[in-house]
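Read off the chains here:
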Amino acid sequence: MNPVEEWRLETRRLGRRVLVYDCVDSTNSRAAAWAMDPRHDGLAFLAGQQTAGRGRQGRSWHCPPGSGVLLSLLLFPPPTLRRPALLTAWATVSVCKTIQAGTGLEPRIKWPNDILVEGRKVCGILIEQGKATVVGIGLNLNQTTDDFLASGLPEAASLFQVTGRKFDCRRVAGELIRFLDEEYDPLLRGELAHLEKSWRDLIGLNGKGIHAGCRDGVIQGRLHQLSLEALVIEDQEGKMIQVPPEKVQHLQKS
Ligand code: BTN
């Protein structure tokens, strides 16, 4: 499994080296195989096809060859940034910015890790942490309705289905890495406010009636405040309940 190309992007930190493969098992597995050395911080892995693409909760990720971005980044974040909620916010916001810039569409973040366009999932994110952090992103670009039906994913969508135009996967991947890099740098300096606002706006549930599914039950109420530290939910008796984002598995409009 050797890369067919290697890019050197003029970014600050991420993607200064990008290993591009025709076909791998999973870009997340390729990235994890380089996790022994922190000097590989920011290394990116891109593939045209995966034979064992992984999704969240043990699911697999299907994408016909050349139909989407299959990208993983290997990171060695400082302990303050190793929080799943923060890394998820950073990755989801960067994907949304890439979609906005490339299409003019208005994507939304579906809690916690999905990106929706016109209510349908176009992107999924899988963050795996061990010695290092691997952030894997699958962005659907050129799939047709038949492709999704063949994979048993009638609810999914691609940017082609929404815009009617085909996308150059490598070009979009390059743009995505640039946005990820741009958004990552302030985080390393402890500047989270800008990311937090973009994330909150893209989730779009502030002030709305919500259901928050946590491991120990469902909280129903109005989302009073959303930050990277806590969700503040006003329940039906007017009591304010604070929950750390890591505890919330599902968040939906009531
Ligand atoms: C999900 O929505 O379940 C997350 C899907 C994540 C898929 C991407 S594709 C690139 C990277 N490599 C993998 O094996 N998975 C992630």
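Keep in mind the model is a prediction, meaning the values are calculated, not measured.

1. A closer look at the sheet that holds strand β5 (residues 108-110)
Part 1: Across the sheet, eight strands lie side by side as β1-β2-β3-β4-β8-β7-β6-β5; this open sheet has mixed pairing. For this open sheet the edge positions go to β1 (5-7) and β5, each flanked by a neighbour on one side alone. Across the sheet, the mean angle from the axis of one strand to that of its neighbour is 25 degrees, orientation sign disregarded.
Part 2: As paired elements, strand β2 (residues 18-24) and strand β3 (residues 44-50) share six bridges and run parallel to each other. Bridging across to β3, Y21 finds its partner in A47.

2. Examining the sheet that holds strand β10 (residues 217-226)
Part 1: Taken in spatial order, the five strands line up as β12-β11-β10-β9-β13 in an open sheet, and their pairing is antiparallel. Across the chains shown, the open sheet's two edge strands, defined by having one partner strand only, are β12 (240-243) and β13 (248-253). The average undirected angle you get between the axes of adjacent strands in this sheet is 40 degrees.
Part 2: As paired elements, strand β11 (residues 231-235) and β12 share four bridges and run antiparallel to each other. Bridge pairing links E234 to M240 in β12.

3. Side note on the site of the ligand
Part 1: Taken together, 20 residues form the shell around the ligand, and within it S26, Q50, R54, R56 and K121 come nearest.
Part 2: R54 places a main-chain nitrogen or oxygen 2.7 Å from an oxygen atom of the ligand.
Part 3: In this structure, an oxygen atom belonging to the ligand sits 2.6 Å away from a side-chain N or O atom of K121.
Part 4: Elements that contribute at least two residues to the shell around the ligand include exactly α1 (27-32), β4 (68-75), β7 (120-129) and β8 (133-140).

4. Some details on the packing of aromatic side chains
Part 1: Overall, the coordinates contain three aromatic pairs when judged by the stated rule.
Part 2: Judged by centre distance (5.1 Å) and plane angle (50 degrees), the rings of W90 and Y184 are tilted. Remark: Y184 occurs in helix α5 (residues 169-188) and W90 occurs in helix α2 (residues 84-103); sequence separation between them is 94 residues. In terms of burial, W90 and Y184 fall into one category: buried.
Part 3: Considering the side-chain rings of W111 and W199, the 5.7 Å spacing of their centres and the 40 degrees angle between planes classify their relative orientation as tilted. Placement of the pair is W111 in the loop between β5 and β6 (114-117) and W199 in helix α6 (residues 193-203), with a sequence separation of 88 residues.
Part 4: Judged by relative accessible area, which is 3%, W199 ranks as buried.

5. Some remarks on the pairing of β7
Part 1: Pairing geometry for β6 and β7, over three bridges, is antiparallel. For I115, the partnering residue across the bridge sits in β7 and is C123.
Part 2: Taken together, β6 and the strand that follows it, β7, pair antiparallel across an intervening segment of two residues, in which E118 is found at a positive phi of about 50 degrees.
Part 3: Pairing geometry for β7 and β8, over seven bridges, is antiparallel. Residue pairing in the sheet places E128 in a bridge with V134 of β8.
Part 4: The turn joining β7 and β8, which pair antiparallel and follow one another in sequence, is formed by three residues.

Calculation notes
- Residues numbered from 1 in each chain as written.
- Predicted model: local features only at pLDDT ≥ 70, side-chain atom pairs only at ≥ 80, totals over all residues.
- Heavy atoms only, no water.
- Pairing = 2+ DSSP bridges.
- Helix = DSSP H or I, 4+ residues; strand = E, 2+ residues; numbered from the N terminus.
- Axes fitted to C-alpha atoms, helices over the stretch in contact; angles between N-to-C directions.
- Near = heavy atom within 4 Å.
- Polar contact = N/O pair within 3.5 Å; in protein donor to acceptor, adjacent residues only side chain to side chain.
- Phe/Tyr/Trp six-rings, centres within 6.5 Å; stacked < 30°, edge-to-face > 60°.
- Buried < 20%, exposed > 50% of the residue type's maximum accessible area, 1.4 Å probe, protein only.

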